[in-house]
Amino acid sequence: MGERQSGGFVGGVLLGAAMGAVAGLLMAPRTGQETRRILKKSADALPELVEDLSTSVHLQADRLSETALVNWDHTLTRLREAIAAGQEASRQEYEQLRQSAPVASNGSTQE
């Protein structure tokens, strides 16, 4: 699995685990007092879970940003090389046409 996918996967696992825990608590045959106590513990752990998820998302965003910048630099370099090659090919073609065109006696080219 790539680095890009691992952060999304981890975030999904954490979110799924939290949702599963809440659903399990609500569906479990416990007394109201026990369920409230367990929900309070889960709610107390929620900020830490959100912080971990946020950190993971920020790390993935940073990686994607770096990747985008590197890709942009490579694309820009390739574009500059292509433009330079096109200019050189155009110059060579112009020189060939200029040398092969017949010249009239008054100095202008004939068609």
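In the block above lies the structure referred to throughout.
Each chain has its residues counted from 1, following the order in which its sequence is written. Two thresholds apply to this predicted model, a pLDDT of at least 70 for residue-level local features and 80 or more for giving and counting side-chain atom pairs, whereas whole-chain, interface and lining totals are computed over all residues. To get the side-chain values, all heavy atoms of the structure are used, and hydrogens and water are removed first.

Visitor: Could you give an account of the overall build of the protein, naming the residues involved and the relevant values?
Guide: A run of H or I in DSSP becomes a helix once it reaches four residues, and a run of E becomes a strand once it reaches two; helices and strands are each numbered from the N terminus. Secondary structure summary: the protein contains two helices and zero strands in total. The buried share of the protein, taken over its 111 residues, is 7%. Accessible surface is estimated by sampling points in the Shrake-Rupley manner with a 1.4 Å probe; for residues, cover comes only from the protein chains shown. Entry remark: accessible area of the protein is about 9200 Å², with carbon and sulfur atoms responsible for 59%. Note on classification: 1.4 Å probe, protein chains only; a residue is buried when its accessible area is under 20% of the maximum for its type, exposed when over 50%, partly exposed between these limits.

Visitor: Describe helix α2 (residues 32-100), naming the residues involved and giving the relevant values.
Guide: Over its 69 residues, α2 extends 97 Å from the first C-alpha to the last, a length consistent with the 102 Å expected when each residue adds 1.5 Å. A residue's bend is simply the angle between two axes: one fitted to the seven residues ending at it, one to the seven starting at it. At L46, α2 is bent by approximately 35 degrees, the largest bend along its length, and proline P47 sits one to four residues beyond. Among the residues of α2, those classed as buried are T35, I38, S56 and Q60. For a helix, the expected span equals 1.5 Å multiplied by the number of residues minus one.

Visitor: Please give an account of the pattern of salt bridges that cites residues and values.
Guide: Each reported salt bridge corresponds to a side-chain nitrogen of Lys or Arg within 4 Å of a carboxyl oxygen of Asp or Glu. On inspection of all chains with the given rule, the structure shows three salt bridges. For D44, the salt bridge goes to K40, with nearest N and O atoms at 3.3 Å. Separated by four residues within a single helix, D44 and K40 lie in helix α2, roughly one turn from each other. The burial state of D44 is the same as that of K40; both residues are exposed. Where E95 meets R98, a salt bridge forms, and the shortest distance between an N and an O atom there is 3.5 Å. Here R98 and E95 lie together in helix α2, a separation of three residues that amounts to about one turn. You can call E95 partly exposed: its relative accessible area is 26%.

Visitor: Give me the environment of A45: which residues, what numbers.
Guide: Within the fold, A45 resides in helix α2. The class of A45 is partly exposed, set by a relative accessible area of 42%. C-alpha of A45 to C-alpha of A18: the two residues are 27 residues apart in sequence and 9.8 Å apart in space.

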